[in-house]
Structures are given as C-alpha cells and as structure tokens.
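This is what each chain is made of:
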Amino acid sequence: MAWRLAQSPTLDTLYATPGNPGIAEHATCIALDTTDHAAVIAFARDHAVDLVVIGPEAPLVDGLGDSLRGAGVAVFGPDRAAAQLEGSKGFTKDLCRRANIPTAGYVRVNSRAEAEAALATTFGYPVVIKADGLAAGKGVVIAASEADATEAFDAMFAHGDAPVVLEEFLDGEEASLFVLTDGTTLMPFGSAQDHKRVGEGDTGPNTGGMGAYSPAPVLTPELERRAIDEIVAPTVEAMAADGTPFSGVLYAGLMLTSTGPKLIEYNARFGDPECQVLMLRFRGDLAQLLLAVAERRLDQAPPPAFVEDSAMTVVLAARGYPGTPAAGGAIAGIDSAEATGAVVFQAGTRLADGQLVAAGGRVLAVTAAGRDIRAARDAAYRGVDAIRFPDGFCRRDIGWRELAR
Ligand code: AMP
Ligand code: GLY
C-alpha cells in the first residue's frame, strides 16, 4: 500500500510506522506506538497529516480510527464498532442472521460444555470450530471427526471459558471480493484468490496466506453482482442502520457454493498478500481515492481502473512458519528479482549491519503481472528464483486451480 500511495501524484510526504527496509524506499519510517492514540494524534497534528491509512486489523479493533476522527484527522479504516466485522466472528454471524445474508449455519458458545452440547445436537462432521476474536489467520479448525473436535476444544478452552463459534461446513471454492465503502456508497475494488495452507496442494496448517492472484475469474461478473447485492450491500446497510457505519475496505471471504456465494468471513482491511496483487493492478491516485472514502464522498470519486492483466504474488516465508519462524536469515538478490520485472514487497525484514535479514514469518512477497495467469505466474517465479534466502521457503504451486482451468 505504501508503494502505491507513494506514486499518488497529489501526495507530498508519506510516513509509515513501524515500516521496514522495503517500505523505507517509499516512505519516511517513524517509530510510533500505535496503541498510544494520543501519540499518534500528536504526530498527525505536528506534521499536518491530511489522511491516516490504517493497514492492519489490531489498531482498527483497538479504536485508533475513533480516536483520530475524534481529533479531527481524516482516517481510512473503520471505527472500533464497525471493525467488529473482522474482530468478532459471532458479531458478524449475528448480523448475517438479522439481515438474512447467506452464510454457514452456526451456534455461538462460551464454554466447553456448551460447545460439546452443540456438537452433539446440531452438527455432523466435518464441523468448523472458530475462536471468536482476532487470531492472525490461525483460529479456525475444520474438524473431520470427534477426535479432531476434542483436540480443537482442548486448545480453544485451554485457559477456561472462551467465546467460540461452531459452523456448518460449506463446500465450494473460495474467492475474495474487495469493496470500498464510505458507509453509504459501494465501489467494487477487484477480486483475488489466496492460498492459506502452508503446503503445496493446499495441505498442512493454515497461514496468513502463502500467495495470491487477482483477479479471480471464478468470481464471474454475475457471481460478483450477487455477492454485492446479497452479502456486501445488506451488511453496509445494516451497519449504517445500527449507527455504526463501516468506512474503509470490506474484504468479503466468500464460499462459492452450488446455491450461490455465501459469506465465510469479513476482513476490515486489504488482505495480506491480497493487497500486493490489488495494488500492482490498480492504476490511479490511491491517496485521493482513500481520502474520498474517509471524507464520505466516494459517490464523487471515479471508479478504480485496474489493468486487465492478471497479477500473482508468491510469499517467501522463514523456515518454521506458521510455527516459530527462523529469525535472522540473510536475504539477497532483490535487485536481480526486480530486474526481471517483478516487484518485491517486504514484510518481516530488517537491516542488521547493512544486511537485509528475516524478522518475521512471512518475509517477502514477490509480485508480477502478465497478460494472463500463466504469464503472471511465470513472471512471479522468475523473480522468486532470483532471490537468495537459504532460510526461507515458498510454495511452487500458487494459482494451481486457475492454471488448471
Ligand atoms: P476464516 O478465518 O473464517 O476465513 O476461516 C479460515 C478458513 O477456514 C477459510 O478461508 C476457509 O478455508 C475455512 N472455513 C472457514 N469457515 C468455513 C466453513 N463454514 N466451511 C468451510 N470452510 C470454512
Ligand atoms: N490473507 C488473508 C488475510 O489477510 O487475512
């Protein structure tokens, strides 16, 4: 996002916190404790900041948007109450029930006894078991048997009672739809598919995402229309009617079932690594568009232009991810990768004595466009193959479903 914002013709200065060596090529990185809302407000005032773009979910759920708006600073990203669409699965399920939005059947529970009772009376296998709060993509278990469910409950109720959602298992292919909204106007912002499992063939534990591509042709214009009419628009209307309008980008995780799109979950932000492919395809003044959302005049903004191409991103992660990742692994070859035409976005990186090293689970996202998904894939992996990161790994099969089609 910083990379694309930095290209906005109307942008003067871009600050990022905390940033990383990659973001530092596009923004002035500053150390700010974003849980200290007064410090963020003071920085915005001192530097005459016109717009704050909140990227990740934790500060949204923590109400940083409310604090900044309260101080008169324009913000891209929802208030705390609206960020519950991502922050609480139970909140979103209840809203779907009220607004008649297609989603998996569910039961909310608060203890192991309630969970076991619901399992015995309401669900067959497989059943989906979700921690209610933020879990960095790791709070969902698909239990194929009673033994799996018992193991999931052991983990989720390890510290006593906790809010958990049990859900009916939905069958189908997943796709992600992005919609900008200022609380009233909706502006579709493209589609993507990601690969959540760590292993090739979509096996192994869930991660935050090992790669993605955009657009997702499986989400046809007709299915996109249905998803907006049946899922996103009623959500935005219900939030506004409740006095907690959602402003920002709504990322709808959809299951395309035999009876139509159903909502799996919402994110209250661009996803990672979905953001990388969307930003690569986006053409236009991103800062102005996000400002139009923040200032509730999205109806006057021109619709986003995307290059017709396909874009793909491949995540290079540190060995051990999604468990404890190996820290400090040396990274080289980013310039050679970019010389092939790819763009290398950095996530968990830092400089140690001038050497770029790994400092997180997902470390790099190597991203490229092409005239179709095959060309985008070839270009992204040309970039990947130019990078030397011996302590890292990636999946070699990003895009396999779409490539097979
Ligand atoms: P979530 O964090 O809610 O997106 O769930 C993570 C992943 O679990 C999703 O991307 C799906 O692959 C899977 N999942 C979640 N809910 C369901 C469901 N009701 N039926 C089938 N798969 C699901
Ligand atoms: N890749 C999914 C997410 O950012 O939550």
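A brief report on the enclosed structure follows.

Definitions and cut-offs
- Residues numbered from 1 in each chain as written.
- Chains lettered and ligands numbered in written order.
- Predicted model: local features only at pLDDT ≥ 70, side-chain atom pairs only at ≥ 80, totals over all residues.
- Heavy atoms only, no water.
- Buried < 20%, exposed > 50% of the residue type's maximum accessible area, 1.4 Å probe, protein only.
- Helix = DSSP H or I, 4+ residues; strand = E, 2+ residues; numbered from the N terminus.
- Near = heavy atom within 4 Å.
- Polar contact = N/O pair within 3.5 Å; in protein donor to acceptor, adjacent residues only side chain to side chain.
- Areas by Shrake-Rupley, 256 points an atom, 1.4 Å probe, with all protein chains shown as cover.
- Nonpolar A, V, L, I, M, F, W, Y, C, P; charged D, E, K, R; others polar.
- Salt bridge = Lys/Arg side-chain N within 4 Å of Asp/Glu carboxyl O.
- Core = buried A, V, L, I, M, F, W, Y, C linked by side-chain atoms within 4.5 Å.
- Pairing = 2+ DSSP bridges.
- Axes fitted to C-alpha atoms, helices over the stretch in contact; angles between N-to-C directions.
- Contact = heavy atoms within 4.5 Å.
- Parallel < 35°, antiparallel > 145°, perpendicular 65-115°, else oblique.
- Phe/Tyr/Trp six-rings, centres within 6.5 Å; stacked < 30°, edge-to-face > 60°.

**Considering unusual backbone geometry**
A cis amide bond links S214 with the next residue in sequence, P215, at an omega value of 0°. Of note in the backbone geometry, N100 takes a positive phi value of approximately 60° without being a glycine. Relative accessible area serves as the criterion here: at 67%, N100 is assigned to the exposed category. Despite not being glycine, D353 has its phi angle at roughly 50°, a positive value. With respect to the element layout, D353 can be found in the loop between β20 (349–352) and β21 (355–358). Classification of D353 by relative accessible area gives exposed; the value is 85%.

**A closer look at the site of ligand 1**
In the neighbourhood of ligand 1, 15 residues make up the surrounding shell, with E167, E168, L170, E174 and E265 lying closest. At 3.0 Å from an oxygen atom of ligand 1 is found a side-chain nitrogen or oxygen belonging to K89. A distance of 3.3 Å is found between an oxygen atom of ligand 1 and a side-chain nitrogen or oxygen belonging to K196. Protein coverage of the free-state accessible area of ligand 1, which is 470 Å², stands at 92%. Where the shell around ligand 1 is concerned, the elements lending two or more residues are β6 (127–131), β7 (140–143), β8 (164–168) and β15 (260–267). Split into classes, the residues belonging to the shell around ligand 1 amount to eight nonpolar, no polar and seven charged.

**Comments concerning the pattern of salt bridges**
The full count for this structure, using the stated rule, is 24 salt bridges. The salt bridge partner of E173 is R405, with a shortest N-O separation of 2.9 Å. Here E173 is found in strand β9 (residues 173–181), whereas its partner R405 is found in the segment after α14 (400–404), with 232 residues between them in sequence. For E173, a relative accessible area of 17% puts it in the buried group. Judged by its relative accessible area of 53%, R405 falls in the exposed class. For the salt bridge of E230 with R226, the shortest nitrogen-to-oxygen distance reads 2.9 Å.

**Concerning the site of ligand 2**
The environment of ligand 2 is made up of D194, G208, Y251, N267, R269, G271, D272, P273 and E274. At a separation of 2.9 Å, a nitrogen atom of ligand 2 approaches a polar side-chain atom of E274. When ligand 2 sits alone it has 200 Å² of accessible area, and the protein chains cover 88% of it. Here the shell around ligand 2 is built from residues that sort into two nonpolar, three polar and four charged.

**Focus on the nonpolar core**
Core analysis: the biggest nonpolar cluster contains 39 residues, and F76, F178, L180, F189, F270 and L289 have the highest contact counts within it. When contributions to this core are tallied by element, the ones reaching two or more residues are α1 (2–5), β9, β10 (186–194), β14 (248–257), α10 (274–281), α11 (286–294) and β19 (343–346). With eight residues, the top contributor of residues to this core is α11. If you look at the next biggest cluster of nonpolar residues, it comprises 37 residues, including L64, V75, C96 and Y266.

**Thoughts on the sheet that holds strand β5 (residues 106–109)**
The strands that make up a sheet pair up through hydrogen bonds in the backbone, lying either parallel or antiparallel. The four strands are arranged β5-β8-β6-β7 in an open sheet whose pairing can be described as antiparallel. Lying at the two open borders of the sheet, with one neighbouring strand each, are β5 and β7. Going across the sheet, the axis of each strand differs from the next one's by a mean of 20°, ignoring polarity. With five bridges connecting them, β6 and β8 associate as antiparallel partners. Paired with A131 across the bridge in β8 is V164. Strand contacts of helix α8 (residues 146–156): β6, β7 and β8, with the helix running at about 5° to β6, the strand carrying the most contacts.

**As for the side chain of Q276**
Relative to the helices and strands, Q276 resides in helix α10. Within the local environment of Q276, its side chain forms a polar contact with the side chain of D272, the two groups lying 3.0 Å apart. Every residue in contact with Q276, bar those within four places of it in the chain, is listed here: G271, T313, F345, A365 and T367.

**Re the pairing of β21**
Where β20 meets β21, four bridges bridge the pair, whose relative direction is antiparallel. Opposite L351, over in β21, you have L356 as the bridge partner. Remark: two residues form the turn of the hairpin made by β20 and β21, two consecutive strands paired antiparallel; D353 in that turn has positive phi of roughly 50°.

**Regarding the packing of helix α5 (residues 80–87) against helix α6 (residues 89–99)**
Packing of α5 against α6 brings their axes to within 6 Å, and their N-to-C directions diverge by 95°. As summarised for this structure, α5 and α6 are arranged roughly perpendicular, according to the angle between their axes. Contacts between α5 and α6 involve A81, Q84, L85 and G87 on the former and, on the latter, K89, F91 and T92. Within the contact of α5 with α6, the residues separate by chemical class into three nonpolar, three polar and one charged.

**Details of the packing of aromatic side chains**
For the structure on display, the rule yields nine aromatic pairs. Arranged with centres 5.5 Å apart and planes meeting at 55°, the rings of F189 and F270 form a pair that is tilted. Linking F189 in strand β10 with F270 in the loop between β15 and α10, this pair joins segments that are 81 residues apart in sequence. Ring plane angle 75° and centroid distance 6.2 Å describe the contact between F282 and F306, whose orientation is recorded as edge-to-face. In this pair, F282 sits in strand β16 (residues 282–283) while F306 sits in strand β17 (residues 305–306), placing the two residues 24 residues apart along the sequence. Note on F282: relative accessible area 2%, which makes it buried.

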